[in-house]
Amino acid sequence: MQRYDVYGMGNALVDMEFSVDDGFLETMGVEKGYMTLVDEQRQFELLEFLRDEPAHRSGGGSAANTVVGSALFGSKAFYSCLVSNDEMGDFYTGELRRAGVDTNLTIRRADGVTGKCLVMVTPDAERTMNTYLGISESLSRDEIQPDALRDSQYLYVEGYLVTSPTARPAVVHAREIAREAGVKTAVSFSDPSMVRYFRLGLEEIVGQGVDLLFCNREEALLWGGCRTLAKAVDELRRIAGTFAVTLGADGALVYDGDSLHEIDPFPASAVDTNGAGDMFAGAFLYGITHGMDHARAGRFASLAASKVVGVFGPRLKPEEYERTLAEFLALKP
């Protein structure tokens, strides 16, 4: 039996969340609904305009949210990332430790600035992100722990890593380690902007194909270069043995390698969609590494995602993961 269920790789970012209106985004020239990479000065400029607004701080990064979620549901997890030895890095490392996630950060904490993600949430619950990667942009193969990776069921990688000239080859290296050790590979497209502007990088990460792919409707359509979800699904079958396409309030589609399953949504009162896809992936990975088939794992992931959109921030309180799992297990199969 492998030591870890999930070995994640991704950016390590401290999220700072603010409630804003559409007028603020328009005034500041921020593209709504997307993740945009910015430099430190641009992020500081936006924070200056928001300095009198209440903020919510939490550990973030797409793959980190997924790995933490999977761990708090009960998975054994490892996360490779890069933070600095500053206060934000201390905060981030502490969040992983409290979630029970093992990490390379006990080995290396370099000088620099820990990455930060400014998350702006509008009244329609849509999240818009401006991210300064800081030291996380230098994530490389040095942060990979090969023994831990070989002793895992799944390698999970976020698509955001395609933007880094050092992280991209690191992912390819990790994928090769996983392949040689018989570890399955899972990838998330992460954001429509990654598919639109970094297509070649994603193709490099996907390589000859992955065992499991996560994406949302817009990302699927962009990848397939088509207008219908049915055609997009056909294109996804070319690169993934199995996949899950999240559809927001319409639920999800899950392909188990043979059949396509429609996953119904659970009722939700959305206040913040930040982290919904990450939570879906974390719950799904927990499910398929703990005896659930893909359809049942999809239902569990749908329930978990419905919980996180009802709170401000990309993660639930630790005790709410246990309650969500108990609620799901009490449902009829």
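Scroll up a little and you will see the structure.
Reference entry: report on the structure contained in this document.

Definitions and cut-offs
- Residues numbered from 1 in each chain as written.
- Predicted model: local features only at pLDDT ≥ 70, side-chain atom pairs only at ≥ 80, totals over all residues.
- Heavy atoms only, no water.
- Helix = DSSP H or I, 4+ residues; strand = E, 2+ residues; numbered from the N terminus.
- Expected span 1.5 Å × (residues − 1).
- Buried < 20%, exposed > 50% of the residue type's maximum accessible area, 1.4 Å probe, protein only.
- Right-handed = clockwise from strand over helix to strand, strands pointing away.
- Pairing = 2+ DSSP bridges.
- Axes fitted to C-alpha atoms, helices over the stretch in contact; angles between N-to-C directions.
- Contact = heavy atoms within 4.5 Å.
- Salt bridge = Lys/Arg side-chain N within 4 Å of Asp/Glu carboxyl O.

1. Looking at helix 3 (residues 62-73)
Turning to step 1, where the next piece is worked out: Look at helix 3: 17 Å from first C-alpha to last across 12 residues, which is about the 16 Å you get at 1.5 Å a residue.
Turning to step 2, where the next piece is worked out: By the burial criterion, the buried members of helix 3 are Ser62, Ala63, Ala64, Asn65, Thr66, Val67, Val68, Gly69, Ser70, Ala71 and Phe73.
Turning to step 3, where the next piece is worked out: Backbone geometry just after helix 3 places Gly74 at a positive phi near 135 degrees.

2. Concerning the pairing of strand 10 (residues 184-188)
Turning to step 1, where the next piece is worked out: Burial runs high along strand 10: four of the five residues are buried.
Turning to step 2, where the next piece is worked out: Considered for its hand, the β-α-β crossover made up of strand 9 (residues 152-158), helix 6 (residues 167-181) and strand 10 is right-handed.
Turning to step 3, where the next piece is worked out: Pairing of strand 10 with strand 11 (residues 210-216), which is carried by three bridges, proceeds in the parallel orientation. Bridge assignment links Ser188 to a residue of strand 11, and that residue is Phe214.

3. Points about the sheet that holds strand 8 (residues 127-132)
Note: strands within a sheet are paired through backbone hydrogen bonds, in either parallel or antiparallel orientation.
Turning to step 1, where the next piece is worked out: Spatially, the five strands line up as an open sheet ordered 3-8-7-2-4, and their pairing is mixed. Whereas interior strands pair on both sides, the edge strands pair on one side only; in this sheet they are strand 3 (35-37) and strand 4 (56-60). On average, adjacent strands in this sheet sit at an angle of 25 degrees to one another, irrespective of strand direction.

4. Considering the sheet that holds strand 12 (residues 240-246)
Turning to step 1, where the next piece is worked out: Strand order in the open sheet made by the nine strands is 6-5-1-9-10-11-12-13-14, with mixed pairing throughout. The open sheet has two edge strands with one neighbour each: strand 6 (102-103) and strand 14 (260-263).
Turning to step 2, where the next piece is worked out: In this structure, strand 1 (residues 4-9) lies alongside strand 5 (residues 77-80), joined through four bridges in parallel fashion. Looking across to strand 5, one finds that Tyr7 is bridged to Phe78.
Turning to step 3, where the next piece is worked out: Packing of helix 11 (residues 276-288) onto the sheet brings it into contact with strand 1, strand 9, strand 11, strand 12 and strand 13 (252-255), and relative to strand 11 it is tilted by some 150 degrees.

5. Quick notes on the pattern of salt bridges
Turning to step 1, where the next piece is worked out: Throughout the structure, instances matching the rule amount to 21 salt bridges.
Turning to step 2, where the next piece is worked out: The closest approach of N and O atoms between Arg3 and Asp102, which form a salt bridge, is 3.8 Å. You can see Arg3 sitting in the segment before strand 1 and its partner Asp102 sitting in strand 6, a full 99 residues away along the chain.
Turning to step 3, where the next piece is worked out: Among the salt bridges present, the one from Glu48 reaches Arg51, with a minimum N-O distance of 3.5 Å.
Turning to step 4, where the next piece is worked out: On the basis of relative accessible area, Glu48 is assigned to the partly exposed category, the value being 33%.
Turning to step 5, where the next piece is worked out: The network of salt bridges with shared partners includes Arg175, Glu176, Arg179 and Glu180.

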